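Notes for the structure review
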Amino acid sequence: MSVAIIGDRGCGKTVFLSLLYDALVEYTNETRGKIRFYTAPEFTGIMGEIVNRMLMQSWPDADLKAHIDKYWFILGYKRNFTNEYRKLKFFVYDIVREHAGIVNELTGTKSGDYQGRKSEILPSALKPLLDCSALVFLIDASKLNATPTSEAFKQVEQYDTLIASIISMAAEYKLKKFHGFWNQMRKVYPVFVLTKFDMIDKKTLAAVGLDKRTKPDPLNASHLERTEYSETLLAKYYRNTFGLKENRNLSNVEFDKCAYFFSAIQTEKDEQGQLVPSTEKGLKVRLRYSIEEYRAFIGYFEKIADKMPDEIKEE
Amino acid sequence: MSVAIIGDRGCGKTVFLSLLYDAQVEYTNETEGKFRFYANPGFTNTMGEVINSMLNQNWPEATIKGLLAKYWFLYGYQNIFGKYNCLKFTVYDIAGEDVNIVNDLIALYTTEGGIESINYDDLPDGLKTLLDCNVLVFIIDLSRINAEPKSEEFKRMHRYDITMATLISLVAEYKAKKACSLSGEHRKLYPVFVFTKFDMVEKKIFDGLKLSPKYPRLEKRPIDIVGGWFDLQSKSSQERIRYGDILMDAFYKNTRGLLIGYYSLVDFEKSAYFFSEIQTEKDEDGLLVPSIEGGKARLKYSIDEYKAFINYFKEIADKMPDEVKDEFPYKDQKILTKKDFEIPVRDQTKVQTVVQIPVQQVASQQQPQLESKTPGESIVDATQLLNNGSIEDWLRTIEDCILNNKEIDVKENSYTSKGYRNLLFALFKLDTGRYTEGEGEITGIFKDEFTRRFASLLYTLIKNNKLEIPVSTTSDLKYFTSGLKLITPKEEGKPKPREWNISARGVRLGKIKKEVEKREDGTAKKIIFIWERDTTGQS
């Protein structure tokens with residue numbers, strides 16, 4: 001089963017992926033073999049180096065970021081009472097503006113014009129997206145801006161349209177590809193990760209009435225609470241995406257069960273007054289980030305892997 | 001089943017290998033021929049020199065270290081049929097920024113067509129041997145876990161963690177893809193970790209991890225008919241694994257995570273851990289030097305750990321030997337025994353602080369020529385210059401190399417030559433300000449580690465008139481003092497110098513003074529070298 005991680009330029013993809021790598025290492029060490037991961041050996045070095053640079057309190061350099069677009073990894077969850085693992089392969093997609101234009105054009109076309117040919121016309125880099133059973137969208141929370149005239153707001157609108165287009169296109173593609181198959185095979189699971197959540201504008205939260213509420217954490221809050229909190233925030237800025245919920249044609253998209261995660265990294269000012277990653281000053285030097293959210297993210301995909309039929313899992 | 005011993009810069013590789021050598025000599029004697037070993041006679045000599053140096057309470061000279069990068073040795077364990085199961089050990093130096101082996105391997109994987117398209121026979125020998133290995137022994141400098149966050153040592157510790165993880169995944173990947181026809185045991189990887197400088201770990205670390213400052217010792221058992229010595233299945237053995245796992249979890253989590261969670265067709269055996277520590281005492285500068293057992297001329301170190309290390313490989317050799325021989329190969333080779341190394345402690349008449357490897361004497365009085373092997377080739381053959389090159393010859397050569405992007409290949413066995421001494425003087429005289437990229441442009445032309453590192457430290461000193469070396473970075477200290485010794489040989493019987501007068505051809509270039517910053521307990525914290533340039537031009 002494949003999972004696509006989709007992000008706009010500058011959405012915090014590199015930091016998200018490296019923190020996910022760090023959390024995976026920690027999680028693996030703690031669970032002692034219940035979860036396994038694999039990536040091409042060159043990425044082991046790259047991801048480790050990115051985490052290292054953050055431990056040295058500097059953000060990842062461009063030379064390392066350049067490799068991220070090709071990054072992929074496999075997660076394996078151990079089945080109970082066996083030595084088998086349910087596998088999920090994660091790919092990273094850097095959505096560039098040109099792609100957005102094509103996707104929007106395709107989805108905006110009246111039915112019939114491109115009927116059946118949409119996947120052929122799609123840029124080759126985006127084609128594998130359609131085969132994915134889960135789509136992880138990275139949303140830069142620092143860009144959620146309450147001022148509709150700002151540049152950040154416009155970028156959010158564009159990205160919103162793009163996400164909505166990708167979800168509907170993937171849903172349509174799956175429906176055709178698995179026509180007549182078991183319903184579960186046609187499912188698409190959307191996942192939203194709000195990156196840079198530590199940098200969200202207080203006015204943004206106030207605008208949706210969330211300024212007085214604390215973010216429901218994954219250990220204590222229910223799925224419903226987290227969904228309600230996230231959708232209250234995103235519905236205002238991602239109207240097109242959440243408008244799809246009302247669209248009955250997308251019945252194979254499990255919107256009710258879509259998941260939300262929050263990525264935040266604690267920062268502090270360096271000697272030049274710039275914000276740099278903060279580290280725990282204990283015996284073990286660790287980054288301070290929302291590790292529980294990352295663990296919840298890893299745990300969520302175990303549930304999806306459980307639900308998927310074997311034909312999809314072994315793809 | 002081949003074994004790779006991997007270590008990075010300053011991890012204690014030289015001391016580990018020499019103590020292993022010492023322990024294997026003793027183990028051979030105890031097991032009465034059931035265990036045998038062989039190393040190239042050149043290396044046997046080098047190991048002897050290192051042990052001699054430590055018996056004289058000096059750490060091994062930096063000039064030796066380059067030789068160890070090509071070190072290999074053979075172990076033979078007699079099986080119940082009287083034959084020898086042999087294992088070959090090869091040493092790899094994965095130095096800090098020069099992670100060439102890892103980069104070379106990654107290049108193989110990212111080649112178009114991937115690893116499957118690579119012709120094994122076309123690979124360089126070093127890579128072939130490494131990819132063939134089923135046992136990866138990583139030497140980990142445990143003193144680095146004391147490092148302050150953001151310090152250079154801390155950075156090194158984390159980088160090494162990633163390097164280990166990457167290397168394991170590369171070898172595993174190779175075995176999964178290229179060796180798929182082999183049986184399960186041949187595709188298995190055995191990770192072994194040797195924690196060196198265990199004695200230098202601070203107490204607060206053990207307290208923080210809720211670990212005893214003493215690692216669990218292995219239980220001994222009587223030597224059986226095949227020479228077994230330690231019970232590797234005992235309760236204490238399991239406790240050692242737990243102890244090592246906790247240390248790895250805390251400080252080398254990427255490597256540990258990879259060994260537990262790597263999703264691969266290759267199986268990983270449980271990690272094995274060994275602990276190396278050597279008892280030390282303070283010298284007159286407060287620097288810690290090896291301690292000697294009174295009267296016996298023996299080093300005080302964790303010899304049982306080394307024997308357990310040798311013992312561990314017996315089990316692997318029994319399962320999957322490199323080859324099985326009726327007789328141990330090289331049986332006629334003289335194997336040195338402990339007696340060969342026993343010399344009176346602090347007998348100054350026998351002190352040899354520099355490896356005395358004869359340098360070929362090429363009697364040529366011609367003006368030394370810069371010899372590129374073929375036009376356009378970028379490595380300069382400096383044999384002639386190393387024999388009798390003058391300071392001016394070296395200055396010209398260095399200038400030419402910088403301008404034409406060439407490298408100078410200094411052979412490890414030429415450090416005691418007159419020509420090499422003149423090269424070191426030339427480094428003092430060179431005007432580094434002339435080069436746009438500064439001193440890095442100069443140090444980069446030297447292919448050998450020793451000259452490159454000495455030059456780098458020297459230019460830090462000259463540029464800032466001061467060079468501070470924390471004692472935790474023992475290898476930097478050794479590289480620098482070894483270089484100074486080559487220029488100003490120590491007079492026998494005199495105490496360790498506190499200043500060095502640098503004079504070339506009778507002209508004084510300057511003076512280097514040494515100061516020691518000490519901790520409260522009297523041990524050295526930092527060695528500070530101060531450069532006083534001589535501007536008088538006096539002879």
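Focus on the overall build of chain B
Each helix and strand in chain B was counted, giving 16 helices and 19 strands. Here chain B, with 539 residues, has 57% of them falling under the buried criterion. For chain B, long-range pairs separated by at least 24 residues make up 73% of all intrachain contacts whose partners lie at least 6 apart in sequence. Carbon and sulfur atoms provide 48% of the accessible area of chain B, an area that totals close to 23300 Å².

Side note on the overall build of chain A
Check the secondary structure of chain A and you find 11 helices and nine strands. Scored against the burial criterion, the 315 residues of chain A give a buried share of 56%. Considering only contacts in chain A between residues 6 or more positions apart, those separated by 24 or more positions represent 75%. With an accessible surface of roughly 14200 Å², chain A has 50% of that area assigned to carbon and sulfur atoms.

As for the interface of chain B and chain A
Counting residues at the interface gives 32 residues for chain B and 30 residues for chain A. Interface of chain B and chain A: buried area, both sides summed, is about 2900 Å²; carbon and sulfur atoms make up 62% of it. If you sort the residues of chain B by the area they bury against chain A, B:Lys253, B:Ile260 and B:Tyr263 come out on top, with a joint share of 26%. The interface formed by chain B and chain A contains three salt bridges. A salt bridge links B:Lys253 to A:Glu26; the nearest nitrogen and oxygen atoms lie 3.0 Å apart. Those elements giving two or more residues to the side of chain B that touches chain A turn out to be helix H4 (100–110), helix H6 (152–178), helix H7 (203–209), helix H8 (235–251) and helix H9 (253–261) of chain B. In terms of residues, the side of chain B that touches chain A owes the most to one element, H6(B), which gives 10 residues. For the side of chain B that touches chain A, the per-class residue count stands at 15 nonpolar, eight polar and nine charged.

Concerning the sheet that holds strand E16 (residues 466–470) of chain B
Residues and elements named next belong to chain B. Ordered in space as E16-E19-E18-E17, the four strands form an open sheet in which the pairing is antiparallel. Bordering the open sheet on either side are E16 and strand E17 (499–504), each of which pairs with just one other strand. Taken over all neighbouring pairs, the strand axes of this sheet differ in orientation by 20 degrees on average, direction set aside. Of the pairings in the sheet, the one linking E16 to strand E19 (residues 524–533) comprises five bridges and is antiparallel in character.

Considering the confidence of the model for chain B
Residue and element names in this part refer to chain B. Confidence in the prediction of chain B, expressed as mean pLDDT, is 77, and 76% of residues score 70 or more. Within the model, pLDDT remains below 50 along residues 332–376, and this stretch shows 79 contacts once partners closer than five positions in the same chain are excluded. As scored by the predictor, the complex reaches a pTM of 0.78 and an ipTM of 0.79.

Some points on the pairing of strand E1 (residues 2–7) of chain B
Residues and elements named next belong to chain B. Across the six residues that make up E1, a large majority, six, are buried. Because side chains alternate across E1, one face comprises the buried residues Ser2, Ala4 and Ile6, and the other comprises Val3, Ile5 and Gly7, equally buried. As defined by bridge partners, E1 adjoins strand E5 (residues 133–141) across five bridges and the pair is classed as parallel. Within E5, the position partnered with isoleucine 6 by the bridge is phenylalanine 138. In this sheet, strand E4 (residues 84–93) lies alongside E1 in parallel orientation, the contact comprising five bridges. If you follow glycine 7 over to E4, its bridge partner there is aspartate 93.

Some points on the sheet that holds strand E3 (residues 72–78) of chain A
Residues and elements named next belong to chain A. If you trace the seven strands from one edge of the open sheet to the other, you get E2-E3-E4-E1-E5-E6-E7, paired in mixed fashion. On the outer flanks of this sheet lie strand E2 (35–38) and strand E7 (259–262), each paired with one strand and no other. Across the sheet, the axes of successive neighbouring strands diverge by a mean angle of 20 degrees, strand direction being ignored. The sheet contact formed by E2 and E3 spans four bridges and is antiparallel. Within E3, the residue paired with phenylalanine 37 across the bridge is leucine 75.

Quick notes on helix H15 (residues 449–464) of chain B
Residues and elements named next belong to chain B. Under the 1.5 Å per step criterion, the end-to-end length of H15 is 23 Å for 16 residues, consistent within 8% with the ideal 22 Å. Extensive coverage of H15 is indicated by the burial of 12 of its 16 residues. Restricting attention to buried positions, one finds in H15 the residues Glu449, Phe450, Thr451, Arg452, Arg453, Phe454, Ala455, Leu457, Leu458, Tyr459, Leu461 and Ile462. Just beyond H15, the residue with positive phi is asparagine 465, at close to 60 degrees.

Observations concerning the nonpolar core
By size, the foremost hydrophobic cluster in this structure holds 106 residues, and its most contacted members are A:Phe297 and A:Phe301. Here this core gets 12 residues from one element, more than from any other, and that element is H6(B). Aside from chain neighbours lying at most four places away, what touches A:Phe301 is A:Val3, A:Tyr77, A:Leu88, A:Phe90, A:Ala134, A:Val136 and A:Val191. Counting residues in each nonpolar core, the second largest holds 56 residues, with B:Tyr27, B:Phe43, B:Ile278 and B:Ala308 among its members.

Let's talk about the packing of helix H13 (residues 418–429) of chain B against H15(B)
Residue and element names in this part refer to chain B. Following both chains from N to C, one finds H13 and H15 inclined at 30 degrees, their axes separated by 10 Å at the closest point. With respect to their mutual orientation, H13 and H15 come out roughly parallel. Once H13 is placed against H15, the crossing between them reads as right-handed. Taking contact as the criterion, the partners of Tyr420, Leu423, Leu424, Leu427 and Phe428 in H13 are, on H15, Phe450, Thr451, Phe454, Ala455, Leu458, Tyr459 and Ile462. Counted by class, the contact of H13 with H15 contains 11 nonpolar, one polar and no charged residues.

Structural notes on the pattern of salt bridges
Residue and element names in this part refer to chain B. In total, this model carries 41 salt bridges over all chains according to the counting rule given. Lysine 514 is the partner of aspartate 285 in a salt bridge, and the nearest nitrogen-oxygen pair spans 2.6 Å. Note that aspartate 285 is positioned in the loop between strand E8 (280–282) and strand E9 (288–290) and lysine 514 in strand E18 (residues 507–518), a separation of 229 residues in sequence. We note that aspartate 285, like lysine 514, is buried. Overlapping salt bridges, with partners in common, bring together Asp8, Asp141, Arg144, Glu153, Arg156 and Lys197 in one network.

A closer look at unusual backbone geometry
Residues and elements named next belong to chain B. Here the phi dihedral of lysine 197 falls at roughly 55 degrees; this positive angle occurs in a residue that is not glycine. Turning to its location among the elements, lysine 197 is positioned in the loop between strand E6 (190–196) and H7. Even without glycine at this site, lysine 210 takes up a positive phi of about 55 degrees. Here lysine 210 lies in the loop between H7 and H8. Taking relative accessible area as the criterion, lysine 210 reaches 75% and is therefore assigned exposed.

What counts, and where the lines are drawn
- Residues numbered from 1 in each chain as written.
- Chains lettered and ligands numbered in written order.
- Predicted model: local features only at pLDDT ≥ 70, side-chain atom pairs only at ≥ 80, totals over all residues.
- Heavy atoms only, no water.
- Helix = DSSP H or I, 4+ residues; strand = E, 2+ residues; numbered from the N terminus.
- Buried < 20%, exposed > 50% of the residue type's maximum accessible area, 1.4 Å probe, protein only.
- Contact = heavy atoms within 4.5 Å.
- Areas by Shrake-Rupley, 256 points an atom, 1.4 Å probe, with all protein chains shown as cover.
- Buried area = accessible area lost by both parts, 1.4 Å probe.
- Salt bridge = Lys/Arg side-chain N within 4 Å of Asp/Glu carboxyl O.
- Nonpolar A, V, L, I, M, F, W, Y, C, P; charged D, E, K, R; others polar.
- Pairing = 2+ DSSP bridges.
- Axes fitted to C-alpha atoms, helices over the stretch in contact; angles between N-to-C directions.
- pLDDT = per-residue confidence, 0-100.
- Expected span 1.5 Å × (residues − 1).
- Core = buried A, V, L, I, M, F, W, Y, C linked by side-chain atoms within 4.5 Å.
- Parallel < 35°, antiparallel > 145°, perpendicular 65-115°, else oblique.
- Left-handed = near helix turned anticlockwise from the far one by under 90°.

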